[in-house]
Amino acid sequence: MPTESAARSRVVVVGAGHAAITLAGLLRQAGHVGEIVMMGDELDHPYQRPPLSKKFSDGNLEQWLRPPEFYGEQDITLRLGERVLTIDVPRQHIATSSGDEHPYDVLVLATGARSRPLPVPGIELSGVGHLRTLEDARVLRKWVADGRRLVIVGGGYIGLEVAAVVRARGGEATVLEREERVLARVASADLSAIMSDRHTTEGTSIRTGVHVTGFEGAGCVSRTVLAGGARIDCDAVLVGVGAVPNDDLAVEAGLDVAPGGGVLVDGVCRTSVPSILAIGDVTSRPLPGLAATRRLESIPSATEQARQAVAAILATEPPPPETPWFWSDQFDLKLKIAGIVRPGSEIVLRGTPASGRFALFHLHDDVVVAVESANASPEFMAGKRWIGSGSRVDPKRLADPGVALRDAEV
Ligand SMILES: Cc1cc2nc3c(=O)[nH]c(=O)nc-3n(C[C@H](O)[C@H](O)[C@H](O)COP(=O)(O)OP(=O)(O)OC[C@H]3O[C@@H](n4cnc5c(N)ncnc54)[C@H](O)[C@@H]3O)c2cc1C
C-alpha cells in the first residue's frame with residue numbers, strides 16, 4: 001500500500017508516448033490520487049508506434065494507446081502540442097512552450113527518441129523522410145500509394161519492415177546498408193542471413209557495405225549517391241539509420257547521462273536527481289547479467305519501466321526484473337527476440353528457416369542468453385524463460401525438433 005503522501009504526490013510527465021501513457025494508467029490503478037499532468041509535443045492523440053512501419057500501407061495507422069475519454073475518466077491532464085523547454089531542479093518546476101510553469105513533486109522524463117539524422121547533401125529535398133511519428137507514416141503511405149520507387153537507407157528492423165510492406169504491394173524497394181549485413185547491430189549473423197535471403201527472394205534489392213553520401217534532384221529527390229560516385233534512381237528515400245534519445249532536457253538540467261547518450265537510471269527508474277525519474281527509449285538502463293547500462297528501444301522495456309516507476313513513486317515493492325524482448329513483423333514472419341544478442345555465442349538452430357518456422361538459441365557454455373524466433377511461440381517462450389532462470393540446455397537435444405523443449409533442459 002502506498003503512503004498517503006506518495007499517493008497524493010503531484011506527478012508531471014514529459015512526453016505522451018507509450019511509456020508515459022502506461023505509467024499514468026498504472027499509477028491510477030495502483031491507487032495514486034494526486035494530480036497527474038502529461039505534456040506531449042506532438043499534436044496527434046497518443047498512439048502506438050509499431051503499426052507505423054507494419055501497417056502504414058493499408059492497415060489502421062491511428063491506433064490510440066487509450067481511447068480519448070480515458071484521460072478525463074482517470075482525471076489525467078493531457079496537454080498536447082506543448083513542449084517542455086526547461087526544468088528548474090531546485091524549485092521543482094518545468095516551463096513549457098505555451099509559457100506556463102508547472103510545479104512537481106515527481107517529474108518523469110518519458111521523452112523517447114528521435115530519428116538519427118543523416119547529415120549529407122540533399123537531405124532537405126522533398127521526398128526524403130524518416131519514420132518516427134504518425135505524421136511521417138502518413139507521408140510514407142502516400143509515397144507508396146503513388147508507386148514511388150523507394151530507397152531505404154539502413155537495414156535495421158524498421159527499414160526491413162517497410163521494405164516488406166512495399167514489396168507486398170508490388171512496389172520497388174532498395175535497402176542500402178553501410179555494414180556488411182542487415183540487422184548488424186541488433187541480430188545474429190545467422191538471422192541476418194535468413195532475413196536477407198527472404199527479402200531478396202521477395203524482390204527487394206539489398207546492397208550492404210555501401211555508404212550513402214547524398215541525394216540529388218530538382219526539388220524532389222531523384223537519385224541517391226553512393227561513395228565512389230554510383231547513383232541509384234529513386235522517387236523517395238526513407239532514412240532509417242537508428243534513433244537518438246531525447247535527453248537534451250536532462251542534460252541541461254544536469255542529470256547524469258550515459259557516455260553514448262540516454263538518461264542514466266537505476267532498476268526503479270531513478271535518475272541522479274531524487275525527484276526526477278526517467279522511463280522508456282530516453283533511458284540507459286541496467287539489465288540482468290550486464291555490467292554496463294543499455295538503451296533499449298522497445299514496447300516491453302517501456303512497459304516494464306513504467307511499472308518500476310510506479311513502485312518508485314508510490315514507494316511500494318518494485319516488480320522483479322524482466323527478460324528484455326521485442327517483436328518485428330516481416331511478410332508472414334512473426335519475429336520475437338528475447339535476451340541480448342552479443343558476439344561469441346554458440347548458435348543452435350531448431351526448425352527450418354525455409355519453412356518459415358524456426359528459432360535460433362544463443363548459448364554461452366550451454367546457458368541460454370538469447371533467442372531469435374520466427375513463428376515459433378513455444379520456442380520463444382521456453383527461451384525467454386530459460387534466459388530468466390539462467391538455465392542450461394543440451395545443444396544436440398535442443399536442435400532436434402523431435403525432442404520436446406522441456407527435455408532439452410539439463
Ligand atoms: C516505426 C516504429 C516501429 C516500431 N516497432 C516496434 C515493435 O515492433 N516492437 C517494439 O517493441 N517496439 C517498436 N518500436 C519502438 C517503440 O515504439 C518504442 O520503444 C516506444 O514507443 C518507446 O516509448 P517512449 O514513450 O519511451 O517514447 P516515444 O514513443 O518516442 O514517446 C515520447 C514522446 O515524447 C515527446 N517529447 C519529447 N521531448 C518532449 C518535450 N521536451 N516536451 C514534450 N514532449 C516531448 C515525443 O515527441 C514523443 O511523442 C517501434 C518504433 C518505431 C518508430
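None of the values given here were measured: they were computed from a predicted structure.

Peer 1: Give me the pairing of strand 11 (residues 173-177): which residues, what numbers.
Peer 2: Most of strand 11 is tucked away: five of the five residues are buried. Because side chains alternate across strand 11, one face comprises the buried residues A173, V175 and E177, and the other comprises T174 and L176, equally buried. The pairing of strand 10 (residues 150-153) with strand 11 spans four bridges and is classified as parallel. Note that in strand 11 the partner of V153 across the bridge is L176. One crossover worth recording links strand 10 to the parallel strand 11 by way of helix 6 (residues 157-168), and it is right-handed. As defined by bridge partners, strand 11 adjoins strand 12 (residues 205-208) across four bridges and the pair is classed as parallel. Bridged to V175 within strand 12 is I206.

Peer 1: Requested: an account of the nonpolar core, with residues and values cited.
Peer 2: Core analysis: the largest hydrophobic core is formed by 34 residues, its most contacted members being F56, L140, L150 and V162. Contributions of two or more residues to this core are made by helix 5 (134-145), strand 10, helix 6, strand 11, helix 7 (189-201), strand 16 (236-239), strand 22 (333-339) and strand 24 (357-364). Looking at this core element by element, the count peaks at six residues for helix 6. With near-sequence residues (within four places) excluded, L150 lies in contact with L140, W143, V162, V166, E172, A173, T174, A236, V237 and L238. Listed in part, the 27 residues of the second largest apolar core include V11, A20, L23 and I279.

Peer 1: Report on the pattern of salt bridges, specifying residues and quantitative values.
Peer 2: In this structure the tally under the stated criterion is 29 salt bridges. One salt bridge in this structure joins R178 and E179, with 3.7 Å as the shortest N-O distance. Exposure remark for R178: the relative accessible area of 56% places this residue in the exposed category. Note that R397 and D394 form a salt bridge whose closest N and O atoms lie 3.2 Å from each other. Judged by its relative accessible area of 34%, R397 falls in the partly exposed class. Overall, the relative accessible area of 22% leaves D394 in the partly exposed class. Salt bridges linked by common partners bring D44, E62, E135 and R138 together as one network.

Peer 1: Which residues make up the environment of S57, and what values go with them?
Peer 2: As for its placement among the helices and strands, S57 is situated in the loop between helix 3 (51-54) and helix 4 (69-73). Residue S57 is classed as buried on the basis of its relative accessible area, which comes to 12%. In this structure, the C-alpha to C-alpha distance between S57 and L140, residues 83 residues apart in sequence, is 8.1 Å. The residues touching S57, leaving out its near neighbours within four places in the chain, are R141, V144, V165 and R169. A polar contact of 3.2 Å, which involves the side chain of S57, links it to the side chain of R169.

Peer 1: Can you tell me about the packing of helix 2 (residues 18-29) against helix 9 (residues 299-314), naming the residues and giving the values?
Peer 2: Interhelical geometry of helix 2 versus helix 9 gives an angle of 40° and a closest axis separation of 8 Å. With respect to helix 9, the axis of helix 2 lies oblique. Between helix 2 and helix 9 lies a crossing of right-handed hand. Within the contact between the two elements, helix 2 uses H18, A19, T22, L23, L26 and L27 and helix 9 uses I299, A302, T303, A306, R307, A309, V310, I313 and L314.

Peer 1: Residue-level account of the site of the ligand, with values.
Peer 2: For the ligand, the set of nearby residues contains 34 residues, the closest of which are D41, E42, R49, K54 and D281. K54 places a polar side-chain atom, nitrogen or oxygen, 2.6 Å from an oxygen atom of the ligand. In this structure, an oxygen atom belonging to the ligand sits 2.7 Å away from a side-chain N or O atom of D281. For the ligand, whose free accessible area comes to 1,000 Å², the fraction covered by protein is 95%. For the shell around the ligand, the elements supplying multiple residues, two or more each, are helix 2, strand 2 (36-40), helix 3, helix 9 and strand 21 (325-330). Formed jointly, the shell around the ligand draws a minimum of three residues from each of two domains, domain 1 (4-114 + 244-314) and domain 2 (128-241).

Peer 1: How would you explain the domain arrangement of the protein if you had to name every residue and give the values?
Peer 2: Often, the extent of an interface is quoted as the loss of accessible area on bringing the components together. For the protein, the domain assignment lists domain 1 (4-114 + 244-314), domain 2 (128-241) and domain 3 (332-408). On a C-alpha basis, the centroid separation for the pair domain 1 and domain 3 is 33 Å.

Peer 1: Requested: an account of the packing of aromatic side chains, with residues and values cited.
Peer 2: One pass over the full model with this rule turns up five aromatic pairs. Ring centres 6.0 Å apart and planes at 40° place the aromatic pair W325 and W327 in the tilted group. For R66, the ring lying beneath its charged end belongs to F70, and the centroid distance is 4.3 Å.

Peer 1: With reference to specific residues and values, describe the side chain of T22.
Peer 2: Its place among the elements puts T22 in helix 2. Looking at T22, its side chain comes within polar contact range of the main-chain oxygen of H18, at 2.6 Å. Those residues in contact with T22, other than ones at most four positions away along the chain, are T303 and A306.

Peer 1: For the sheet that holds strand 5 (residues 93-96), give the residues involved together with the corresponding values.
Peer 2: Strand pairing in a sheet takes place through backbone hydrogen bonds and is either antiparallel or parallel in direction. A sheet is described by the order of its strands in space; here three strands give the open sequence 4-5-6, paired in antiparallel fashion. The outermost strands of the open sheet, each flanked by one partner alone, are strand 4 (84-88) and strand 6 (101-103). For this sheet the average axis-to-axis angle between neighbouring strands, irrespective of direction, equals 20°. With four bridges joining them, strand 4 and strand 5 adopt antiparallel strand pairing. Counted as the bridge partner of D88 is H93 from strand 5.

About the cut-offs
Residues numbered from 1 in each chain as written. Predicted model: local features only at pLDDT ≥ 70, side-chain atom pairs only at ≥ 80, totals over all residues. Heavy atoms only, no water. Buried < 20%, exposed > 50% of the residue type's maximum accessible area, 1.4 Å probe, protein only. Helix = DSSP H or I, 4+ residues; strand = E, 2+ residues; numbered from the N terminus. Pairing = 2+ DSSP bridges. Right-handed = clockwise from strand over helix to strand, strands pointing away. Core = buried A, V, L, I, M, F, W, Y, C linked by side-chain atoms within 4.5 Å. Contact = heavy atoms within 4.5 Å. Salt bridge = Lys/Arg side-chain N within 4 Å of Asp/Glu carboxyl O. Polar contact = N/O pair within 3.5 Å; in protein donor to acceptor, adjacent residues only side chain to side chain. Axes fitted to C-alpha atoms, helices over the stretch in contact; angles between N-to-C directions. Parallel < 35°, antiparallel > 145°, perpendicular 65-115°, else oblique. Left-handed = near helix turned anticlockwise from the far one by under 90°. Near = heavy atom within 4 Å. Areas by Shrake-Rupley, 256 points an atom, 1.4 Å probe, with all protein chains shown as cover. Domains from an automatic or database assignment. Phe/Tyr/Trp six-rings, centres within 6.5 Å; stacked < 30°, edge-to-face > 60°. Lys NZ or Arg CZ within 6 Å of the ring centre and 35° of its normal.

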